[in-house]
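Structural overview
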Amino acid sequence: MWATDSAFWDYNCQTKEIKYSEKKAQLLGYTSEELGNDPLKIAKLIHPDDYEKAMTAMGNLLGGVTETYEVDYRIITKDGSWKWFYDKGKVVEYDLMGVPLRVVGIVKDITDKKKSLIELQQSKQRFENIFHLNNDGVAVINHLGIVFDLNQRLCEIIEEPYACIKDRYVWDVLFEYTEVEKKSNDLLNHFKKQFQVALKTGVLPFIHQPVEVNFQNIKGDQKTVELRYFIISDNNGVLLYTIVHDITEER
């Protein structure tokens, strides 16, 4: 218990008293004497938004709906700050009628972990907003060179639906929208080699400045765009982000 930085608790269902290790009181900034042995008093420290969830979980355990009690919740400390607790327990003693007599469990401070998860979720939401609401087109290319995601703005620039671009090799997409008179096997191989090297090494020879490209969509419309690239690490290697800025009107 000491090694895992967890606190132990033991609830007597008959006397309605709870015993716990000194660590639990310390986690809340109290001494054991200050915190007392009344479970209802301790439960009132739980955040109002989490209280019902915690009580329901305990009720399900005592009512035989679940075999374990497992919940996380915010709880207020002596100094008025909120901590996140992970709480888990089970019935270890019943009477002859199968009524719970005793429940034991552990509680652990997971505040830092929760804060990290919340920050990660917020960061993800910010990224999704930037990705989907961007005035520029954005495509994400995986380590194999496949376009596995793109935003609506890129579909509008290319004038093609999402499904026509997703899950295709980036060099095939670029080649398809290259002006007809410039298409050749040499150009396709050039695109392919350039991206394969970049995705393998993480080095982009064209990263320091925007690349201006003229392309032609299926309808035959001519457009001019600026392409910018950046690479980030991924579990499988790297991800290549392509930013497509339409400068047709400016030109």
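Quick caveat: nothing in here was measured; it's all calculated off a predicted structure.

Rules used in this analysis
Residues numbered from 1 in each chain as written. Predicted model: local features only at pLDDT ≥ 70, side-chain atom pairs only at ≥ 80, totals over all residues. Heavy atoms only, no water. Buried < 20%, exposed > 50% of the residue type's maximum accessible area, 1.4 Å probe, protein only. Helix = DSSP H or I, 4+ residues; strand = E, 2+ residues; numbered from the N terminus. Pairing = 2+ DSSP bridges. Axes fitted to C-alpha atoms, helices over the stretch in contact; angles between N-to-C directions. Expected span 1.5 Å × (residues − 1). Contact = heavy atoms within 4.5 Å.

**Points about the pairing of strand 3 (residues 69–76)**
Taken residue by residue, a regular strand's side chains alternate between the two faces of the sheet. Of the two faces of strand 3, only the one carrying Tyr69, Val71, Tyr73 and Ile75 is buried; Glu70, Asp72, Arg74 and Ile76 on the other face are not. With 8 bridges connecting them, strand 3 and strand 4 (residues 82–94) associate as antiparallel partners. Paired with valine 71 across the bridge in strand 4 is aspartate 87. Here strand 3 folds back onto strand 4 in antiparallel fashion, the turn holding 5 residues, of which glycine 80 has a positive phi close to 90°.

**Topic: the sheet that holds strand 10 (residues 237–246)**
A sheet is described by the order of its strands in space; here 5 strands give the open sequence 7-6-10-9-8, paired in antiparallel fashion. Sheet topology places strand 7 (147–150) and strand 8 (211–216) at the edges, where each strand pairs with a single neighbour. Neighbouring strand axes in the sheet, compared pairwise and without regard to direction, differ in orientation by 30° on average. Sheet topology places strand 9 (residues 222–234) next to strand 10; 10 bridges connect them, and they run antiparallel. The residue bridging aspartate 234 from the neighbouring strand is glycine 237, located in strand 10.

**Digging into helix 5 (residues 111–133)**
The end-to-end C-alpha distance of helix 5, which contains 23 residues, comes to 32 Å, matching closely the 33 Å that a straight helix rising 1.5 Å per residue would cover. Where helix 5 is concerned, the buried positions are Thr111, Lys114 and Phe131. Here the buried face of helix 5 lies against strand 3, strand 4, strand 5 (100–109), strand 6 (137–141) and strand 7.

**Notes on the sheet that holds strand 5**
Read across the open sheet, the 5 strands follow the order 2-1-5-4-3; overall the sheet is antiparallel. The outermost strands of the open sheet, each flanked by one partner alone, are strand 2 (17–20) and strand 3. With direction set aside, neighbouring strand axes in the sheet form an average angle of 25°. This element, helix 5, spans strand 3, strand 4 and strand 5 of the sheet and lies at about 120° to strand 4.

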